[in-house]
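A structural walkthrough
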Amino acid sequence: MTDLGMPTLIEIPDIEGCAALCAELGLQFVELNMNMPQYQTHCLDLDRLTSLSEKYNIYYTIHLDENLNVSDFNPLVADAYLQTVWETIHIAKLLHIPVLNMHLSQGVYFTLPDKKVFLFAEYSKQYLQSMRLFREECEKMIGSHNIRICVENSSGYTAFQQQALDLLLESPVFALTFDIGHNHCIGGADETVILQHRDRLYHFHFHDALAKKDHLPLGTGEVELSKYLHMAEQTGSRIVLETKTVSGLRESVRWMGTDGLCSKNI
């Protein structure tokens with residue numbers, strides 16, 4: 001069986017409202033989005049989160065800040081992001097959170113007359129060394145706990161990001177999130193990279209999409225949803241129904257139910 005979840009939503013700023021909606025829709029978890037101010041590590045009330053988890057019979061995953069850049073060349077900036085990850089891992093241990101979702105930053109690029117030059121590619125040795133140290137520290141922090149840091153695809157993996165991904169996936173504490181809408185919007189460019197590591201798929205972000213329009217309710221776009229649902233089932237991955245509105249989430253849940261694909265039936 002594949003667990004289904006929902007993101008925290010702009011329309012519902014309080015976590016209890018999200019937890020209540022999650023339970024109402026028959027979903028199993030809420031993905032706390034650390035881009036939002038109320039879900040910063042210093043703002044989280046762990047006793048309240050535990051109480052709501054028990055009250056609504058749900059659990060949590062966490063989406064780390066999309067600006068996360070543990071390889072920033074300024075050590076003060078990189079250390080701030082690293083400290084955020086360490087604090088989040090500590091919270092995950094206390095709340096029994098199984099997944100931390102993260103993006104790989106592309107960093108800064110210089111625009112030349114004929115091309116873009118990404119600084120992480122230009123200074124790849126330093127970049128990959130920082131990713132190696134990040135991996136090793138995450139391994140130490142997580143230890144024997146059942147926590148995976150899942151790297152999500154976004155706007156197309158660059159060559160240096162693929163190198164970093166290969167390096168991170170050498171560790172069992174790292175895995176993959178497959179965002180099928182993001183992949184569709186860039187013409188499927190990330191899918192080959194992800195399928196090279198199919199055995200490391202652990203988490204999915206599900207939303208429909210058109211060529212230039214993302215995060216649509218399921219069944220309203222062009223994505224071959226049944227294909228990816230089967231992939232999630234085969235890999236035992238969780239699925240976040242990652243539409244950004246309450247109405248879109250309800251529509252996605254209805255689509256899943258109408259197609260006989262709710263978690264009870266997968």
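Residues numbered from 1 in each chain as written. Predicted model: local features only at pLDDT ≥ 70, side-chain atom pairs only at ≥ 80, totals over all residues. Heavy atoms only, no water.

**So, the overall build of the chain**
Of the regular secondary structure elements, the chain holds ten helices and twelve strands. On C-alpha atoms alone, the chain measures out to a radius of gyration of 18 Å, which is about the 18 Å that the 2.2 N^0.38 rule sets for 266 residues. Dimensions along the principal axes, computed over C-alpha positions, put the chain at roughly 50 × 40 × 30 Å. Taking as baseline every contact in the chain between residues at least 6 positions apart, the subset at least 24 positions apart corresponds to 76%. Taken as a whole, the chain presents about 12300 Å² of accessible surface, with 51% of it coming from carbon and sulfur. Mean positive and mean negative side-chain charge positions of the chain (20 and 34 charges, respectively) differ by 2 Å. (Helix = DSSP H or I, 4+ residues; strand = E, 2+ residues; numbered from the N terminus. Rg over C-alpha atoms; globule rule 2.2 N^0.38 Å. Contact = heavy atoms within 4.5 Å. Areas by Shrake-Rupley, 256 points an atom, 1.4 Å probe, with all protein chains shown as cover. Lys, Arg positive; Asp, Glu negative; His and termini not counted. Charge placed at Lys NZ, Arg CZ, Asp CG, Glu CD.)

**A closer look at unusual backbone geometry**
Here the phi dihedral of asparagine 57 falls at roughly 55°; this positive angle occurs in a residue that is not glycine. Summarising the element assignment, asparagine 57 is placed in the loop between helix H2 (46–56) and strand S3 (59–63). When its relative accessible area of 68% is taken as the criterion, asparagine 57 is described as exposed. (Buried < 20%, exposed > 50% of the residue type's maximum accessible area, 1.4 Å probe, protein only.)

**What about the environment of leucine 68?**
Among the secondary structure elements, leucine 68 is positioned in the loop between S3 and helix H3 (75–95). Residues leucine 68 and serine 124, spaced 56 residues apart in sequence, show a C-alpha to C-alpha distance of 18 Å. With sequence-adjacent residues up to four places away left out, leucine 68 is seen in contact with Tyr81, Val85, Met102, His103 and Ser105.

**Some details on the packing of aromatic side chains**
One pass over the structure, following the stated rule, counts 13 aromatic pairs. An angle of 75° between the planes, with centres 5.5 Å apart, marks the rings of phenylalanine 73 and phenylalanine 120 as edge-to-face. Of the two residues, phenylalanine 73 sits in the loop between S3 and H3 while phenylalanine 120 sits in helix H4 (residues 119–122), which places them 47 residues apart along the sequence. A residue is classified by how much of its surface remains accessible, and phenylalanine 73, at 34% relative accessible area, is partly exposed. (Phe/Tyr/Trp six-rings, centres within 6.5 Å; stacked < 30°, edge-to-face > 60°.)

Note that all results are geometric; they support no functional claim without further evidence.
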